[in-house]
Amino acid sequence: MTDTQQAITDEQWRQAKLIWDYHQMRHTLRPCDAAIGLGSHDLGVAAFAAQLYHDGLFPHLVFTGGNSPTTAARFPRGEAVHFREHALSLGVPDTAILLEPHASNTGANITLSRELLADAGIHPASVLLISKPYMERRSFATARRLWPDVEIVCASEPLALDDYVKAIGDDKLVIDMLVGDLQRIIEYPKLGFAIPQDVPEVVHAAYEALLRAGFDSRLLAP
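Residues numbered from 1 in each chain as written. Predicted model: local features only at pLDDT ≥ 70, side-chain atom pairs only at ≥ 80, totals over all residues. Heavy atoms only, no water.

Turning next to the overall build of the protein chain. The helix and strand tally for the protein chain stands at 8 helices and 5 strands. Taken over C-alpha atoms, the radius of gyration comes to 17 Å for the protein chain, in line with the 17 Å a tight globule of 222 residues would show. Considered along the principal axes of its C-alpha atoms, the protein chain spans approximately 50 × 35 × 30 Å. Counting every position in the protein chain, which comprises 222 residues, the buried fraction comes to 51%. Residue pairs at least 24 apart in sequence account for 77% of intrachain contacts in the protein chain once pairs closer than 6 positions are excluded. Counting only carbon and sulfur atoms, one obtains 52% of the accessible surface of the protein chain, whose full area is about 10,100 Å². (Helix = DSSP H or I, 4+ residues; strand = E, 2+ residues; numbered from the N terminus. Rg over C-alpha atoms; globule rule 2.2 N^0.38 Å. Buried < 20%, exposed > 50% of the residue type's maximum accessible area, 1.4 Å probe, protein only. Contact = heavy atoms within 4.5 Å. Areas by Shrake-Rupley, 256 points an atom, 1.4 Å probe, with all protein chains shown as cover.)

Glancing now at the pattern of salt bridges. If charged atoms from side chains of opposite charge come close, those side chains can pair. Scanning the model with the defined rule gives 10 salt bridges in all. A salt bridge links Asp21 to Arg26; the nearest nitrogen and oxygen atoms lie 3.6 Å apart. According to the relative accessible area criterion, Asp21 is partly exposed, its value standing at 27%. By relative accessible area, Arg26 is classed as exposed at 55%. A salt bridge links Asp149 to Arg114, with the shortest nitrogen-to-oxygen separation between them at 3.8 Å. Of this pair, Asp149 sits in the loop between helix H5 (136-146) and strand E5 (151-156) while Arg114 is found in helix H4 (residues 106-119), placing the two residues 35 residues apart along the sequence. Judged by relative accessible area, which is 57%, Asp149 ranks as exposed. (Salt bridge = Lys/Arg side-chain N within 4 Å of Asp/Glu carboxyl O.)

On to the side chain of His41. Position of His41 among the secondary structure elements: in the loop between strand E1 (34-38) and helix H2 (44-54). Reaching out from His41, the side chain makes a polar contact with the side chain of Tyr134 at a distance of 3.4 Å. (Polar contact = N/O pair within 3.5 Å; in protein donor to acceptor, adjacent residues only side chain to side chain.)

Once that is clear, we can look at the sheet that holds strand E4 (residues 126-131). Taken together, the 5 strands give an open sheet; going across it, the order is E3-E2-E1-E4-E5, and neighbouring strands pair in parallel fashion. Of all the strands in the sheet, just strand E3 (97-100) and E5 have a single pairing partner and so form its edges. If you compare each strand with its neighbour and ignore which way they point, the axes differ by 25 degrees on average. As paired strands, E4 and E5 are joined by 6 bridges and run parallel to one another. Residue pairing for E5: Leu129 is matched across the bridge by Cys154. H2 contacts E1, strand E2 (61-64), E4 and E5 of the sheet and is inclined by roughly 140 degrees relative to E4. Its contacts with the sheet put H5 on E1, E4 and E5, and the angle it makes with E5 is roughly 160 degrees. (Pairing = 2+ DSSP bridges. Axes fitted to C-alpha atoms, helices over the stretch in contact; angles between N-to-C directions.)

Let us now look at unusual backbone geometry. Of note in the backbone geometry, Arg26 takes a positive phi value of approximately 55 degrees without being a glycine. As for its placement among the helices and strands, Arg26 is situated in the loop between helix H1 (10-23) and E1.

A separate point is the environment of Ile122. Relative to the helices and strands, Ile122 is located in the loop between H4 and E4. The buried category is assigned to Ile122, whose relative accessible area is 14%. Each residue touching Ile122, except ones within four places of it in the same chain, is listed here: His60 and Leu117.

Let's shift gears to the packing of aromatic side chains. The description of an aromatic ring pair rests on the distance of the ring centres and on the angle between the ring planes. Counted under the stated rule, the structure contains 6 aromatic pairs. Plain terms: the ring middles of Phe63 and Phe83 are 5.9 Å apart, the flat faces sit at 90 degrees to each other, and that makes the pair edge-to-face. Of the two residues, Phe63 sits in strand E2 while Phe83 sits in helix H3 (residues 79-89), which places them 20 residues apart along the sequence. Residues Phe63 and Phe83 agree in their burial class; the two are buried. (Phe/Tyr/Trp six-rings, centres within 6.5 Å; stacked < 30°, edge-to-face > 60°.)

One can describe the packing of helix H6 (residues 161-168) onto helix H7 (residues 171-191) by two numbers: an axis separation of 8 Å at closest approach and a directional angle of 120 degrees. Taken together, the axes of H6 and H7 are oblique relative to one another. The interaxial crossing formed by H6 with H7 has right-handed handedness. Two secondary-structure elements touch here, H6 through Leu161, Tyr164, Val165 and Ile168 and H7 through Asp171, Leu173, Val174 and Leu178. (Parallel < 35°, antiparallel > 145°, perpendicular 65-115°, else oblique. Left-handed = near helix turned anticlockwise from the far one by under 90°.)

Following the sequence through the fold, Gln15 ends up in helix H1. Dropping the residues within four chain positions of it, Gln15 is found in contact with Ala206, Ala209 and Leu210.

Next up, the structure:
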């Protein structure tokens, strides 16, 4: 931990773990007609997508995502472009990958990927959504709102919170992101962006406590 990072108490870790577990859908992985790798700062999405492709879970893989303030430096050519390059380096054939390099939010990820697949003559009945571990539930709720006639199966790299924090290297940032995604799960249905998700009382209490403690850098703009 650097001098500028906030010390995380044991209770705050417990609260973060509750939210981390809530974000994951724990779907049973099965073959789907296509997969979508959602762009982000986390290159593990591309690596896990490559693994699942080699496991034979889908024939077509869309990488979707342009840039955001948090990824522009890491992926200067865009999230989807870098994800594609990483998947190619892991042996996924170019013919299996479709590239959607423009989306700037999860709703656009879903909508533009759906259009890209349709333009390629692919009309899936089932889609495997591959995301960061703490983005499973939000991506599921968004896809169910925007693509209700398709069966959605969620997947993410099977990491414990401690391992994910070590990979990112910034304890507070990870907890801020957990809190920010939960805020979106709560608020986005009111805006028509996603279907509602039940938030257990214990998870909501953890969320409120972390907000009070200042884990708020990833909240929606007021």
